[in-house]
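Chains, contacts and geometry: an overview
Here is what each chain is made of, one letter per residue.
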Amino acid sequence: MLHYFLMGLAVLALLSIVFEEVIHINKAKTTLFFGCLSWVLLFFFADSAQERENISHFLNENLLEIATLWLFLMSTMTFVAYLNAKGLIQTFVQKLFPQELSKRLLLILVALFALVLSAICDNVTATLVTIGLIQSFDLEKQDRLKMAALTVFAVNSGGVALITGDVTTLMIFLAGHVDMGQLLILLIPSAVSVVALAILFSFGMHGRVTTEVVQRTFTSVDIAIAIVFFATIICTMLFNIFFSIPPVLTFLMGLSIMFLIGRTVSTDAEQTQVLEYIRQIEYDTLLFFLGILMLVGMLQEIQVLEQVARWYSELAPIYSNYIAGVVSALLDNVPLTAALLKASPELTTSQWLGLTYSVGVGGSLLIIGSAAGIITMSKVKEMTFGAYMRYFPALLICYTIGYLLSISIPTLL
């Protein structure tokens, strides 16, 4: 009975996100409340001291995962807040993109930029930088929403072909089901589906768009911090591949170097200002992550994800993999993938690649289904759950195209 009630709380949390504009309560507050309440009830209704100890152990593991994500987000967002405030990102956009171009061309360029960036660095950084790029252009509300939704899909698509790009890809790789060369094949369906979405979004878009030319002067400290940021992104990938160093540790190291560089500024006020950029982080985003991940951890504790894995085994792989991606838009794809791997399904290489694509990209179907979506929702104020749902049909079509290519291309090569 308790498990059904807890699942009801998870549904209420989802509804509070959907109807945020109706109830006028910030989604971070409601998800955090339901997330904490669900764990409190697990302790209240535990049958024995041993069961409470097991719940406490699993809660500690859940909080450790959340703390790791929090620190990683805090490090990345502090860098981006500094670079944005100094105008470095806008200047980079002006160098990379024309000052005036058609909206349709901008849509394609944003899609490819997000796809490539997320393939070489983490999804959080790729999302923050791409959203910063979009906001540097003078766009109408609907155009900005389309590009934000495209960013979420492109960022999630870019990481599936590299073990450094998505945790679920790494999990399937470490389990020995696919190798590096086979994973790279997924770049084809990822690119095709992202371009297809950009084309669908381009219908109805007309006119040209400009970015404001801002003449900025940068200090040696600004340039040094920008170099540290991009060096940190590269080192995060290399250190993880060759030394298995967690990305959060590398980014915290980069953040500490940023603060030490700030110490070289001449005045005490400017030294303090570098550290103050950490206060520009929108903690609503972090609290929303906390609430969502606590709810997912609760569902894992009451073995809902194991039930999902059992349902997965009852269907043919071509259908179950596709559905797993759709489910990952509601449930965090990492514990979901762990549950599916634990079920040890008998799959061919193309089917494993299909699963890798689906759990990596399927979270794009809902705005709350991925880190990229949650960050986008916090950075683009007009992007609500309902606003994103307007693009669900197009997202589902392109997800389906990518999935079908991911299972068919390996058999042709």
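Structure: see above.
Notes on the structure follow. (Residues numbered from 1 in each chain as written. Predicted model: local features only at pLDDT ≥ 70, side-chain atom pairs only at ≥ 80, totals over all residues. Heavy atoms only, no water.)

Moving on, we get to the overall build of the protein. For the protein, the helix and strand inventory stands at 22 helices and two strands. For 413 residues, the compact-globule estimate of 2.2 N^0.38 gives 22 Å, and the protein sits close to it at 21 Å. Overall, the C-alpha framework of the protein stretches about 65 × 55 × 50 Å when taken along its three principal axes. When the 413 residues of the protein are sorted by exposure, 53% land in the buried category. Once local pairs closer than 6 in sequence are excluded, the contacts in the protein between residues at least 24 apart make up 79%. When the accessible surface of the protein is split by element, carbon and sulfur atoms take 67% of a total near 18,500 Å². Side chains of the protein give 19 positive and 27 negative charges; the mean places of these two sets differ by 10 Å. (Helix = DSSP H or I, 4+ residues; strand = E, 2+ residues; numbered from the N terminus. Rg over C-alpha atoms; globule rule 2.2 N^0.38 Å. Buried < 20%, exposed > 50% of the residue type's maximum accessible area, 1.4 Å probe, protein only. Contact = heavy atoms within 4.5 Å. Areas by Shrake-Rupley, 256 points an atom, 1.4 Å probe, with all protein chains shown as cover. Lys, Arg positive; Asp, Glu negative; His and termini not counted. Charge placed at Lys NZ, Arg CZ, Asp CG, Glu CD.)

The next point concerns the packing of aromatic side chains. Taken as a whole, this structure holds 11 aromatic pairs when the rule is applied. Taking 5.1 Å as the distance between ring centres and 35 degrees as the angle between the ring planes, the aromatic pair formed by Tyr322 and Tyr399 counts as tilted. Here Tyr399 lies in helix H22 (residues 392-412) and Tyr322 lies in helix H17 (residues 317-327), a separation of 77 residues in the sequence. Taking the relative accessible area as the measure of exposure, Tyr399 reaches 0% and is therefore buried. In textbook terms, an aromatic cluster arises when at least three aromatic residues are bridged by ring pairs, as seen for Phe72, Phe79, Phe229, Phe230 and Phe251. Sitting over the face of the ring of Phe288, Lys27 holds its NZ or CZ atom 5.9 Å from the ring centroid. (Phe/Tyr/Trp six-rings, centres within 6.5 Å; stacked < 30°, edge-to-face > 60°. Lys NZ or Arg CZ within 6 Å of the ring centre and 35° of its normal.)

In this structure the tally under the stated criterion is one cavity of 30 Å³ or more. As for the largest cavity, its lining consists of Ile17, Val18, Glu20, Glu21, Met377, Thr384, Phe385 and Gly386. Elements with a contribution of two residues or more to the lining of the largest cavity: helix H1 (2-18), helix H2 (20-23) and helix H21 (385-389). Of the residues belonging to the lining of the largest cavity, the class tally is four nonpolar, two polar and two charged. (1 Å grid on protein atoms, 1.4 Å probe; cavity = no way out; pocket = protein on both sides within 12 Å on 5 of 7 lines; lining within 4 Å. Points joined across faces, edges and corners; volume = space filled by probe spheres on them. Nonpolar A, V, L, I, M, F, W, Y, C, P; charged D, E, K, R; others polar.)

Before going further, it helps to examine unusual backbone geometry. Glycine aside, negative phi is the norm for most residues, and most peptide bonds take the trans geometry. Located in the positive-phi region is Ser244, a residue other than glycine, with phi close to 60 degrees. Owing to a relative accessible area of 60%, Ser244 belongs among the exposed residues under this scheme.

As for its position among the elements, Lys103 is in helix H6 (residues 103-120). In this structure Lys103 comes out as buried when scored by relative accessible area, which is 9%. Here Lys103 is in contact with Glu140, Asp143, Met147, Met205, His206, Gly207, Arg208 and Val209, once residues within four sequence places are set aside.

In a regular helix each residue adds 1.5 Å, so 16 residues correspond to 22 Å; helix H11 (residues 187-202) covers 22 Å between its end C-alpha atoms and thus fits that length. For H11, the full list of buried residues reads Pro189, Ser190, Ser193, Val194, Ala196, Leu197, Ala198, Phe201 and Ser202. (Expected span 1.5 Å × (residues − 1).)

So, on to the packing of helix H4 (residues 49-86) against helix H12 (residues 220-243). Each packed pair of helices is defined by two parameters, the angle between the axes and the distance between the axes. It is the contact of H4 with H12, at a shortest axis distance of 11 Å, that shows an interaxial angle of 140 degrees. On the basis of the axis angle, H4 is oblique to H12. Between H4 and H12 lies a crossing of left-handed hand. Across the interface between the two elements, Phe79, Val80, Tyr82, Leu83 and Lys86 from H4 touch Val221, Asp222, Ile225, Ala226, Val228, Phe229 and Thr232 from H12. (Axes fitted to C-alpha atoms, helices over the stretch in contact; angles between N-to-C directions. Parallel < 35°, antiparallel > 145°, perpendicular 65-115°, else oblique. Left-handed = near helix turned anticlockwise from the far one by under 90°.)

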